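Descriptive analysis of the structure
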Amino acid sequence: MTKPLDGVRIIDFTHVQAGPACTQLLGFYGADVIKVERPGSGDVTRSQLRDLPGADALYFTMLNGNKRSLTLDTKTPEGKEVLEAMIKTSDVLVENFGPGALDRMGFSWERIQELNPKLIMASVKGFSEGHSYEDLKVYENVAQCAGGAASTTGFWDGPPTVSAAALGDSNTGMHLAIGILTALMQRQKTGKGQKVSCSMQDAVLNLCRVKLRDQQRLDKIGYLEEYPQYPHGSFTDVVPRGGNAGGGGQPGWVLKCKGWETDPNAYIYFTIQGHAWEPITRAIGKPEWAKDPAYMTPEARQDKIFDIFKTIEEVDHKVRGKYLTIGSPIKFSDLEIEVKPSPVLGEHTDEVLRDLGYGKEDIARLHAAKAV
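Predicted, not measured: the structure shown is a model, and the values here were computed from it.

A look at the pattern of salt bridges
This model, assessed by the stated rule, comprises 19 salt bridges. When the shortest N-O distance is used, the salt bridge between arginine 111 and glutamate 84 registers 3.0 Å. Residue arginine 111 is located in helix α5 (residues 109–115), and its partner glutamate 84 is located in helix α3 (residues 77–89); the two are separated by 27 residues in the primary sequence. What makes arginine 111 partly exposed here is its relative accessible area of 27%. Between aspartate 214 and arginine 217 there is a salt bridge, with its nearest N and O atoms 2.9 Å apart.

As structure tokens, then:
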């Protein structure tokens, strides 16, 4: 089956999580993703948190399927020669090096444009260009803090809490993938490449827009009625941590299910929506609450919400070789996504070099020079 990104060649100069998450998505959709790695070691995640001696770690395999691996030492003249050939014949270069690394390598944006004016250069950075921290490297949890997620996550009597979801890494990769696809569409119209970047801070902030909404409401009226602190608690000048509150105007909380005493996962997220209030009262044995003015509306229930949740909690509920990985989170009606295994280090080096026009003797020369 023809795939949407068939014929699109991507130089994958990324490592760890944010960049590889981006390029793996594009690989799912048909792009030829060539992962460029350091000879002898490769992506650091190949060896991080190994569960099988001598095998690539799950950290690597789950983020690098549907790619080819090329080992290349860009510090050697021969390695630079190969990279130039790749840039001339590729559509996209994706990188998440520290700031300035490509420039020091001799491949500034100006140089890349000379080699291939149609190339799209996509970058993951910690902070956006022009930010006072633009020269700093950023990791997952730092991004969650800088983007506002950690400060609004957790309980009001505890510290800021980072999420187990990769809001800084994989989330930024998905944002960048959208940027790359947009740039490819624009190139069809203009014939020109461009720089595309997404900062980890901005990607996290984009997912925290409801908290930014709440900050502006708090600035204006001094309280947030859907938070557990209302009406009995107090508010400062910043959005508070709301525990497991729904945050969308509908009261919600994580509640215990039957068996919670021995099962640490016997919990359910429960939301009380207006139209469901009457059947909920019947289910918990409190039908009188359905018509009681003290319970009939979300506003009336707010000051008693934890008593209501406590009542609900006591109601019974019905309730490598091969490795597990994540496929495409996006589904299509007319596209079957094939999930392929991650490559071993350098598995496709000679194959990629042949694609670039290198003959047998040339490939032997590059190996002898330890450029690949």
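Having seen the model, we can carry on.
Considering helix α8 (residues 200–207)
Among all positions in α8, only Met200, Gln201, Ala203 and Val204 are buried. Axial view of α8: buried residues confined to an arc of 165°, hence all on one face.

Some remarks on the sheet that holds strand β6 (residues 195–199)
A sheet is described by the order of its strands in space; here 6 strands give the open sequence β3-β2-β1-β4-β5-β6, paired in parallel fashion. On the outer flanks of this sheet lie β3 (68–71) and β6, each paired with one strand and no other. Put simply, the sheet's adjacent strands are angled 20° from each other on average, direction ignored. Judged from the 4 bridges that link them, strand β1 (residues 9–13) and strand β2 (residues 32–37) form a sheet pairing that is parallel. Its bridge partner lying in β2, aspartate 12 is registered against lysine 35. Against the sheet, α3 makes contact with β1, β2, β3 and β4 (92–95), and its axis sits at roughly 140° relative to β1, the strand it touches most.

A short note on the nonpolar core
The biggest cluster of nonpolar side chains holds 32 residues, and the ones touching the most others in it are Ile10, Leu26, Ala31, Val92, Val94, Leu176 and Ile180. Of all elements in the fold, only α1 (18–28), β4, β5 (120–125), α7 (170–190), β6 and α8 reach the threshold of two or more residues within this core. Counting residues in each nonpolar core, the second largest holds 30 residues, with Phe97, Phe107, Met121 and Tyr358 among its members.

Some remarks on the packing of aromatic side chains
Scanning all chains against the criterion turns up 4 aromatic pairs. Measuring from ring centre to ring centre gives 5.2 Å for phenylalanine 13 and phenylalanine 97, while their planes differ by 55°; the resulting arrangement is tilted. Of the two residues, phenylalanine 13 sits in strand β1 while phenylalanine 97 sits in the loop between β4 and α4 (101–105), which places them 84 residues apart along the sequence. Each member of the pair phenylalanine 13 and phenylalanine 97 is classed as buried. Seen in terms of ring centroids, tyrosine 223 and tyrosine 230 are 5.3 Å apart; in terms of plane orientation they differ by 15°. Their pairing is stacked. Of the residues examined, tyrosine 223 reaches a relative accessible area of 35% and is grouped as partly exposed. Relative accessible area serves as the criterion here: at 30%, tyrosine 230 is assigned to the partly exposed category.

Quick look at the pairing of β2
Of all 6 residues that make up β2, 5 are buried, and the element is covered over most of its length. In terms of handedness, the path from β1 via α1 over to β2 forms a crossover that is right-handed. Sheet topology note: the β2/β3 ladder contains 4 bridges and is parallel. Paired with valine 36 across the two strands is leucine 70, which belongs to β3.

Some thoughts on the environment of alanine 177
Mapped onto the elements, alanine 177 comes out in helix α7. Here the alpha-carbon distance between alanine 177 and threonine 2, two residues 175 residues apart in the chain, equals 20 Å. Ignoring sequence-local partners within four residues, the contact set of alanine 177 consists of Cys22, Leu25 and Leu26.

With respect to the packing of α1 against α7
Two elements in contact, α1 and α7, have axes whose closest approach is 7 Å; the angle formed by their N-to-C orientations is 45°. If you check the angle between α1 and α7, you find them oblique. For the pair α1 and α7, the crossing hand works out as right-handed. Residues Ala18, Ala21, Cys22, Leu25 and Leu26 of α1 lie in contact with α7, whose contacting residues are Ser170, Gly173, Met174, Leu176, Ala177, Ile180 and Leu181. Its residues placed into classes, the contact of α1 with α7 shows 10 nonpolar, 2 polar and no charged.

Rules and cut-offs
Residues numbered from 1 in each chain as written. Predicted model: local features only at pLDDT ≥ 70, side-chain atom pairs only at ≥ 80, totals over all residues. Heavy atoms only, no water. Salt bridge = Lys/Arg side-chain N within 4 Å of Asp/Glu carboxyl O. Helix = DSSP H or I, 4+ residues; strand = E, 2+ residues; numbered from the N terminus. Buried < 20%, exposed > 50% of the residue type's maximum accessible area, 1.4 Å probe, protein only. Arc of directions from axis to C-beta. Pairing = 2+ DSSP bridges. Axes fitted to C-alpha atoms, helices over the stretch in contact; angles between N-to-C directions. Contact = heavy atoms within 4.5 Å. Core = buried A, V, L, I, M, F, W, Y, C linked by side-chain atoms within 4.5 Å. Phe/Tyr/Trp six-rings, centres within 6.5 Å; stacked < 30°, edge-to-face > 60°. Right-handed = clockwise from strand over helix to strand, strands pointing away. Parallel < 35°, antiparallel > 145°, perpendicular 65-115°, else oblique. Left-handed = near helix turned anticlockwise from the far one by under 90°. Nonpolar A, V, L, I, M, F, W, Y, C, P; charged D, E, K, R; others polar.

Shape is all these values report; function is a separate question.
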